[in-house]
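Results of the structural survey
Each chain, written out:
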Amino acid sequence: MAAQNNAPLPDGLEIAGYRIVKKIASGGFSIVYLAYDADGIAVAIKEYLPSALALRQPGELVPVISKPNLAVFRIGLKCFFEEGRALAKISHPNVVRVLNFFRGNETVYMVMAYESGHSLQEQIARLGQKGSRLNEAFIRQIFIGVCAGLREVHTSKLLHLDLKPANIYLRTDGTPIVLDFGAARQTFNADVPKLTPMYTPGFAPPDLYSKTAALGPWSDIYSLGASMFACMAASPPQAADQRKIEDKMPLYYSKLEANYSPELIKLVQWCLEMDPLARPQSLFTLQKELASTRKKTKAAPVGTEKLTGRWRELADKIGIGRKKAVNK
Ligand SMILES: Nc1ncnc2c1ncn2[C@@H]1O[C@H](COP(=O)(O)OP(=O)(O)OP(=O)(O)O)[C@@H](O)[C@H]1O
Ligand SMILES: [Mg+2]
């Protein structure tokens, strides 16, 4: 089942009342397009097209799925559809807004509100190239918003299970949105067929590697800790399966001390506990910790002073990266 490079839908195609403008991203499981609805409002349409299972040639609309792949393709399709349906019920400023979903070309499409911005991963990478890091006030602010959105997701009995900076999107006004619920297939009731979970090394909790461990809010909390760590270190934490063999994280935490408050480092450490019961058990706890220590800590003003252009504008809008804002 080698991964194939699938041809995107052609620009200008009309489908279910939407007009495709262009492809904006493609991953292993889907292709995302910018499109316009009948009123000319921009939407993002995500097409279910797992490249290991389905092949679409240039000029074709319907992908070819070989017989042996058909059953797995259909289970994934049902999950994608269910995920869309569950997400469509969630309306929260920090969760991507699902507007519609439809069938077509023998696959499924999820229509989302189009958000203009960039991923947190892009921001980490940009700063990392200059040897800079996100500052503490910014990290706290972003993750308070992410927790708020995820609380709503957990209330709907969904888990995300693939939280990482690449799936946290920042609007141009700096507010975060949680994206890509591709792995949110595991409901608390586990009444959907379980596909092989996807692991993103470093961000996946040890619970996901184990066949017997229960998944719950604590699993997403591990990934949130990992995402905060990635913001601070500009690289993911050690993968959970490797930590089981030799845990090098204590060394990495100590390297963060120069730029971040002990409170924030301890909080990240708490989220990244290998034992699920040793982590914060709810997002509310995490959110409260992020907010309550915000005023007490005097974060070192790292990185963002060097920002220019688009990033400077963003930093200005949300009031980060300047001494007065950081120490407020
Ligand atoms: N609602 C949206 N508005 C604007 N851009 C979006 C939206 N949803 C997704 N995108 C863009 O598409 C990219 C990929 O989206 P997403 O993370 O949902 O899919 P993916 O990682 O390709 O999924 P998979 O790994 O399941 O194939 C995002 O980083 C972002 O650039
Ligand atoms: Mg993604």
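Report follows, based on the coordinates. Because the structure is predicted, anything quoted here is derived from the model rather than measured.

Here we look at the pattern of salt bridges
Two side chains with opposite charge may pair up if their charged atoms get near one another. Within the structure shown, the criterion is met by 7 salt bridges. With a shortest N-O distance of 3.8 Å, Asp 162 and Lys 164 are connected by a salt bridge. Here Asp 162 falls in the buried class, since its relative accessible area comes to 9%. Close ionic contact of Arg 243 with Asp 247 constitutes a salt bridge, the shortest N to O distance being 3.1 Å. Among the residues examined, Arg 243 registers a relative accessible area of 8% and is labelled buried.

A look at the site of ligand 1
The local shell around ligand 1 holds 18 residues, among which Ser 30, Lys 46, Ala 113, Glu 115 and Asp 180 are the closest. Between ligand 1 and Lys 46 there is a distance of 2.9 Å, counted from an oxygen atom to a side-chain nitrogen or oxygen. Glu 115 places a polar main-chain atom, nitrogen or oxygen, 2.9 Å from a nitrogen atom of ligand 1. Look at ligand 1: alone it shows 620 Å² of surface, and the protein chains cover 85% of it. For the shell around ligand 1, the secondary structure elements donating two or more residues are strand 2 (18-26), strand 3 (30-36), strand 4 (42-48) and strand 8 (107-113). Here the residues of the shell around ligand 1 are counted per class, giving 11 nonpolar, 4 polar and 3 charged.

A look at the packing of helix 3 (residues 136-155) against helix 5 (residues 217-233)
Axis separation between helix 3 and helix 5 bottoms out at 12 Å; the angle between their running directions is 160 degrees. Comparing the axis directions of helix 3 and helix 5 gives the class roughly antiparallel. Crossing of helix 3 against helix 5: the hand is right-handed. Listed contacts from helix 5 to Ile 139, Phe 143, Val 146, Cys 147, Leu 150 and His 154 of helix 3 are Pro 217, Asp 220, Leu 224, Ser 227, Met 228, Cys 231 and Met 232. Its residues assigned to classes, the contact of helix 3 with helix 5 comprises 10 nonpolar, 2 polar and 1 charged.

Quick word on the sheet that holds strand 11 (residues 176-178)
Read from one edge to the other, the open sheet built from 3 strands follows the order 9-10-11, with strand pairing classed as antiparallel. Of all strands in the sheet, those with a lone pairing partner are strand 9 (117-119) and strand 11, marking the two edges. The sheet shows a mean angle of 30 degrees between the axes of neighbouring strands, direction not considered. Sheet topology places strand 10 (residues 168-171) next to strand 11; 3 bridges connect them, and they run antiparallel. Along strand 11, the bridge assignment pairs Leu 170 with Pro 176. Helix-sheet contacts for helix 2 (residues 120-129) involve strand 9 and strand 10, and the interaxial angle to strand 9 is about 75 degrees.

Concerning the nonpolar core
Leu 120, Phe 143, Leu 224, Leu 286 and Leu 290 are the most contacted members of the largest nonpolar core, which has 79 residues in total. Per-element accounting of this core gives the leading share, 10 residues, to helix 5. Not counting residues within four places of it along the chain, the set of residues in contact with Leu 290 comprises Arg 140, Phe 143, Ile 144, Cys 147, Met 228, Leu 264 and Leu 267. With 5 residues, the next largest nonpolar core counts Leu 161, Ala 204, Leu 208 and Leu 215 among its residues.

Thoughts on the packing of aromatic side chains
A full pass over the atoms with the stated rule returns 6 aromatic pairs. With centroids separated by 5.8 Å and ring planes inclined at 10 degrees, the aromatic side chains of Tyr 18 and Phe 102 adopt a geometry described as stacked. Residue Tyr 18 is located in strand 2, and its partner Phe 102 is located in strand 7 (residues 98-104); the two are separated by 84 residues in the primary sequence. When sorted by exposure, Tyr 18 lands in the same class as Phe 102, which is buried. Ring pairing ties together the aromatic residues Tyr 18, Phe 102 and Tyr 109, which thus form one cluster. Over the ring of Phe 81 we find Arg 103, and its NZ or CZ is 5.2 Å from the ring centre.

So, how was this worked out
Residues numbered from 1 in each chain as written. Chains lettered and ligands numbered in written order. Predicted model: local features only at pLDDT ≥ 70, side-chain atom pairs only at ≥ 80, totals over all residues. Heavy atoms only, no water. Salt bridge = Lys/Arg side-chain N within 4 Å of Asp/Glu carboxyl O. Buried < 20%, exposed > 50% of the residue type's maximum accessible area, 1.4 Å probe, protein only. Near = heavy atom within 4 Å. Polar contact = N/O pair within 3.5 Å; in protein donor to acceptor, adjacent residues only side chain to side chain. Areas by Shrake-Rupley, 256 points an atom, 1.4 Å probe, with all protein chains shown as cover. Helix = DSSP H or I, 4+ residues; strand = E, 2+ residues; numbered from the N terminus. Nonpolar A, V, L, I, M, F, W, Y, C, P; charged D, E, K, R; others polar. Axes fitted to C-alpha atoms, helices over the stretch in contact; angles between N-to-C directions. Parallel < 35°, antiparallel > 145°, perpendicular 65-115°, else oblique. Left-handed = near helix turned anticlockwise from the far one by under 90°. Contact = heavy atoms within 4.5 Å. Pairing = 2+ DSSP bridges. Core = buried A, V, L, I, M, F, W, Y, C linked by side-chain atoms within 4.5 Å. Phe/Tyr/Trp six-rings, centres within 6.5 Å; stacked < 30°, edge-to-face > 60°. Lys NZ or Arg CZ within 6 Å of the ring centre and 35° of its normal.

These results come straight from atomic positions and should not be treated as a statement about function.
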